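# Observations on the three-dimensional arrangement
Here is how the chains run, residue by residue.
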Amino acid sequence: PDRGMIGQTPALTSRSDEAFLDFVSDARNLLMHQQWYAVCELGNRALEKAGLADKDDDWPGRVEDMREVLKDVPEAAIMLRAKRSLQEAYWNRIMDSYGVDEAQWLAKLDASDKRGPGSISWDPEFPVPDYAKVEIHIQPGGYVGEPLCGLHYDYGTKVFFGGHNDEDALHIKVAKQTPLPADGKVERILDLGCAIGQLACELKRRYPEAEVSAIDVGAPMLRYAHMRAAEQDLDVHFSQMLCEDMDYPDNHFDLVTAHLLFHELPMPVIRSTIAEVFRVLRPGGTFVIWDFPTNTPDEQRFALYSLMFDSADNGEPYSTDFVYSQVEQLIKNAGFSLRSEDPEQVKRQGRV
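Heads up: these notes are all about the structure in this document.

## Notes on the overall build of the protein chain
Scanning the protein chain from N- to C-terminus turns up 14 helices and eight strands. Expected size for 352 residues packed as a compact globule is a radius of gyration near 20 Å; at 20 Å, the protein chain falls within 12% of this value. Summarising the internal contacts of the protein chain: among those between residues at least 6 apart in sequence, 78% fall at separations of at least 24. With the model as given, the accessible surface of the protein chain reaches about 15600 Å², and the carbon-plus-sulfur share is 51%. One finds the centroid of the 36 positive side-chain charges in the protein chain at a distance of 3 Å from the centroid of its 59 negative side-chain charges.

This is the structure in structure tokens:
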């Protein structure tokens, strides 16, 4: 039976499924988030003692060395094991639960493709590049390989964020904090790597008169995003498109956003994407990247090394390259002017 909605997210098939995932969410908060700073301190001490604390110039070759050291730090070992095991647990339960009604969900997506408001454009023969087939955060099938991956992602990120994004709270906050062009003109907005459209929808709420477009490489994500937006009566236009090769004219958008996209792209694609945004953004328009801060000398070593474990074990193969790439310089090289390069400002308002 249809068990209704939890905010904008469809409820799972049974209450027992929800109870299990509430437990997983609480376990993640307890074993990972609440212990983070204490475990960082313990991990830093162990890595310094082993002479690995300053070896970040060759991070791919250091993962196994660090793993060997940290296995003798129980708190760090538990945190890293919990991250992987709890993610496996919640993806399996989500897919099993929604899978009971898979035929009905696929029928809903088919019907939604033909309705408004807004629009959806996708191609079953779209040539998805290999880099986009990665199972980010070990989500089975990733963002392109499962027809219901948008539905799985919706509940999966509810668990991943430990409840902090319930009813799209995180995306509401990001939309409110997104800086505007200096002249205040916002007639056309583009959201890159939109996933299930949460930020695009909140930007449409904030600027109801603006034309809001959103693109992603994954057709299943876009189809679910369109269904989700249409059910909220929001006029957003979703298109399957590569962010590094967009089908939009020059100088077209006033505001372009990218929320937690760039750390999921390989460096050549990042460079091409920044250049494409420069092309489609009008002079005086604003490009906002919400993502991980660039590595700086005062970052905690263990905090940075945790990214390496995510790359090796947790479906985040591109994130460490991004953090170590001096993103601000890449943006300036493309022709943009940055409003600020203060790391604290980047954390609060993104790269603007």
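## Focus: empty space enclosed by the protein
This structure, assessed with the given rule, holds one cavity of 30 Å³ or more. Lining the largest cavity, in full, are Ile6, Thr9, Asp154, Thr157, Lys158, Asn165, Asp166, Glu167, Asp168, Gln198 and Arg228. Of the residues forming the lining of the largest cavity, the biggest block, three residues, is contributed by helix α6 (residues 149-160). In terms of residue class, the lining of the largest cavity is made up of one nonpolar, four polar and six charged.

## Overview of helix α10 (residues 267-280)
Taking 1.5 Å per residue, 14 residues should reach 20 Å; α10 reaches 20 Å between its end C-alpha atoms and fits that length. Those residues of α10 not exposed but buried are Met267, Val269, Ile270, Thr273, Ile274, Glu276, Val277 and Val280. On its buried side, α10 packs onto β4 (188-192), β7 (253-259), β8 (281-290), α12 (319-323) and α13 (327-333).

What counts, and where the lines are drawn
- Residues numbered from 1 in each chain as written.
- Predicted model: local features only at pLDDT ≥ 70, side-chain atom pairs only at ≥ 80, totals over all residues.
- Heavy atoms only, no water.
- Helix = DSSP H or I, 4+ residues; strand = E, 2+ residues; numbered from the N terminus.
- Rg over C-alpha atoms; globule rule 2.2 N^0.38 Å.
- Contact = heavy atoms within 4.5 Å.
- Areas by Shrake-Rupley, 256 points an atom, 1.4 Å probe, with all protein chains shown as cover.
- Lys, Arg positive; Asp, Glu negative; His and termini not counted.
- Charge placed at Lys NZ, Arg CZ, Asp CG, Glu CD.
- 1 Å grid on protein atoms, 1.4 Å probe; cavity = no way out; pocket = protein on both sides within 12 Å on 5 of 7 lines; lining within 4 Å.
- Points joined across faces, edges and corners; volume = space filled by probe spheres on them.
- Nonpolar A, V, L, I, M, F, W, Y, C, P; charged D, E, K, R; others polar.
- Expected span 1.5 Å × (residues − 1).
- Buried < 20%, exposed > 50% of the residue type's maximum accessible area, 1.4 Å probe, protein only.

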